Amino acid sequence: MKIKSLFVASASLILCSNAFGWGQTGHRVTGSIAEQYLSQSTQSEILKLFPNESLAEISTYADEKRSDPSKFWKKTASPWHYVSVPEGKTYKDVGAPDEGDAYTALENFSATLKNDNASVEQKRLALHFIVHIIGDLHQPLHAGNGTDRGGNDVKLKFFWKDSNLHRVWDSEMIDGKQLSYSEWTEWLGKKISPDMAKKWNEPDPLVWIAESTKLRDNLYPDSDEISYDYQYQHLPTVKSRLQQAGVRIAAYLNDVFKK
């Protein structure tokens, strides 16, 4: 029985590790970029909840807690990291499943932040998730087509090592550059012009989801062995989606906290 329990626990961890949106580095980049675009009032509200933590630091919490064996983290919160939109459809066409998804979770968590009767603990959890989910929705494979678990079932070799398409986009193209999240933030942040920031200042999740689904359908490689050519073609998209996610985290929170 102990061996069986250990196997089940290990399998659960493997499944969770394959479902992260961006890796820890990517999420921290989006949180760090977001801090550059927060309004003064939004910064004040965030400081009330997290006086000693940055958005970069709290951005990975929702993934880190997926190793928690409680029902909430293993089942209830699991669907909040992605949406499913079949090819040729929009999110409005299909909506959310009964268990909810990233879109419905954002609605619920933003309502929590606006609720004067919500506890500090509830609002902290809400902010953890909001920062994380917005990052997730900018990873194109987190707006999956509903047929291959967001590319997790697309097995391939990335630079001659076993992987899958989802993992390549979550972390392997990012971590392969061997940069810290602060280096990524500095390099990408400098390249966001005022015009780009203004254009990307979009707090509507339906816009981000539509962008991701459009990108997603062009990410599937012709070969099951990818390396330099694939990275050369798609790394610019990774960079722009990290930049956009950072600007949109700020746009969304500024909208939630506006007076």
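The structure this text deals with has already been given above.
Residues numbered from 1 in each chain as written. Predicted model: local features only at pLDDT ≥ 70, side-chain atom pairs only at ≥ 80, totals over all residues. Heavy atoms only, no water.

Novice: I keep staring at the packing of aromatic side chains and nothing clicks. Help me out?
Specialist: How two aromatic rings sit relative to each other is given by the distance of their centres and the angle of their planes. Inspection of every chain in the model, using the stated rule, returns 13 aromatic pairs. Consider the rings of Trp80 and Phe129, whose centres lie 5.4 Å apart with planes at 75°: the pair is edge-to-face. Highlighted residues: Trp80 in the loop between helix H6 (71-76) and strand E1 (83-84) and Phe129 in helix H9 (residues 120-137), separated in sequence by 49 residues. Take Phe129: its relative accessible area is 0%, and that puts it in the buried class. Seen in terms of ring centroids, Phe159 and Tyr228 are 4.7 Å apart; in terms of plane orientation they differ by 90°. Their pairing is edge-to-face. Taken together, the residues span a long stretch of sequence, with Phe159 in the loop between strand E3 (155-158) and strand E4 (161-164) and Tyr228 in helix H14 (residues 228-257) at a distance of 69 residues. The exposure class assigned to Tyr228 is exposed, which follows from its relative accessible area of 56%. What links up through ring pairs into an aromatic cluster is the set Tyr61, Phe72, Trp73, Trp80, Phe109 and Phe129. (Phe/Tyr/Trp six-rings, centres within 6.5 Å; stacked < 30°, edge-to-face > 60°. Helix = DSSP H or I, 4+ residues; strand = E, 2+ residues; numbered from the N terminus. Buried < 20%, exposed > 50% of the residue type's maximum accessible area, 1.4 Å probe, protein only.)

Novice: Whenever I open this one, unusual backbone geometry confuses me. Can you help?
Specialist: In most cases, non-glycine residues show a negative phi, while peptide bonds are predominantly trans. Here Phe159, not a glycine, exhibits a phi torsion of approximately 50°, which is positive. Backbone geometry places Trp160, a non-glycine residue, at a positive phi of 70°. By the secondary structure assignment, Trp160 is in the loop between E3 and E4.

Novice: Looking at this structure, I do not really get the layout of surface pockets. What am I missing?
Specialist: A probe matching the size of a water molecule, rolled over the atoms, marks out where space remains unfilled. Its volume calculated, the second largest pocket comes out at about 190 Å³. Taken together, 13 residues make up the lining of the second largest pocket; nearest its centre are Glu45, Lys48, Leu113, Lys123 and Phe257. Listing elements by their share of the lining of the second largest pocket, those giving two or more residues are helix H3 (40-49), helix H8 (102-114), H9 and H14. For the lining of the second largest pocket, the element with the highest residue contribution is H3, accounting for 3 residues. (1 Å grid on protein atoms, 1.4 Å probe; cavity = no way out; pocket = protein on both sides within 12 Å on 5 of 7 lines; lining within 4 Å. Points joined across faces, edges and corners; volume = space filled by probe spheres on them.)

Novice: Is there a simple way to explain the packing of helix H10 (residues 165-175) against H14 in this structure?
Specialist: Each pair of packed helices can be described by the angle between their axes along with the distance between the axes. For the pair H10 and H14, the least separation of the axes is 10 Å and the interaxial angle reads 75°. When the axes of H10 and H14 are compared, the pair comes out roughly perpendicular. Touching Leu165, Val168, Trp169, Met173 and Ile174 of H10 are Tyr230, Gln231, His234, Leu235, Thr237, Val238 and Leu242, all from H14. Classifying every residue of the contact of H10 with H14 by side-chain character gives 9 nonpolar, 3 polar and no charged. (Axes fitted to C-alpha atoms, helices over the stretch in contact; angles between N-to-C directions. Parallel < 35°, antiparallel > 145°, perpendicular 65-115°, else oblique. Contact = heavy atoms within 4.5 Å. Nonpolar A, V, L, I, M, F, W, Y, C, P; charged D, E, K, R; others polar.)

Novice: Whenever I open this one, the sheet that holds strand E5 (residues 225-226) confuses me. Can you help?
Specialist: What links the strands of a sheet is backbone hydrogen bonding, and the strands pair in either a parallel or an antiparallel sense. Pairing in this open sheet of 3 strands is mixed, and the strands run E4-E3-E5 from one edge to the other. The sheet is open, and its two edges are formed by E4 and E5, each paired on a single side. (Pairing = 2+ DSSP bridges.)

Novice: Would you mind showing me how to read the pairing of E3 here?
Specialist: Successive side chains on a regular strand alternate, one facing one side of the sheet and the next facing the other. The two faces of E3 differ: Leu156 and Phe158 on one face are buried, but Lys155 and Lys157 on the other face are not. Bridging between E3 and E4 involves 4 bridges; their strand directions are antiparallel. By the bridge assignment for E4, Lys157 is matched with Asp162. A loop of 2 residues connects E3 with E4, the two strands running antiparallel in sequence, and Phe159 in this loop sits at a positive phi of about 50°. In this structure, E3 lies alongside E5, joined through 2 bridges in parallel fashion. Note on E5: the bridge partner recorded for Lys157 is Glu225.

Novice: Sorry, what's going on with the side chain of Gln139 here?
Specialist: Structurally, the position occupied by Gln139 is in the loop between H9 and strand E2 (143-144). Owing to a relative accessible area of 0%, Gln139 belongs among the buried residues under this scheme. Not counting residues within four places of it along the chain, the set of residues in contact with Gln139 comprises Trp22, His166, Trp169, Asp170 and Ser212.

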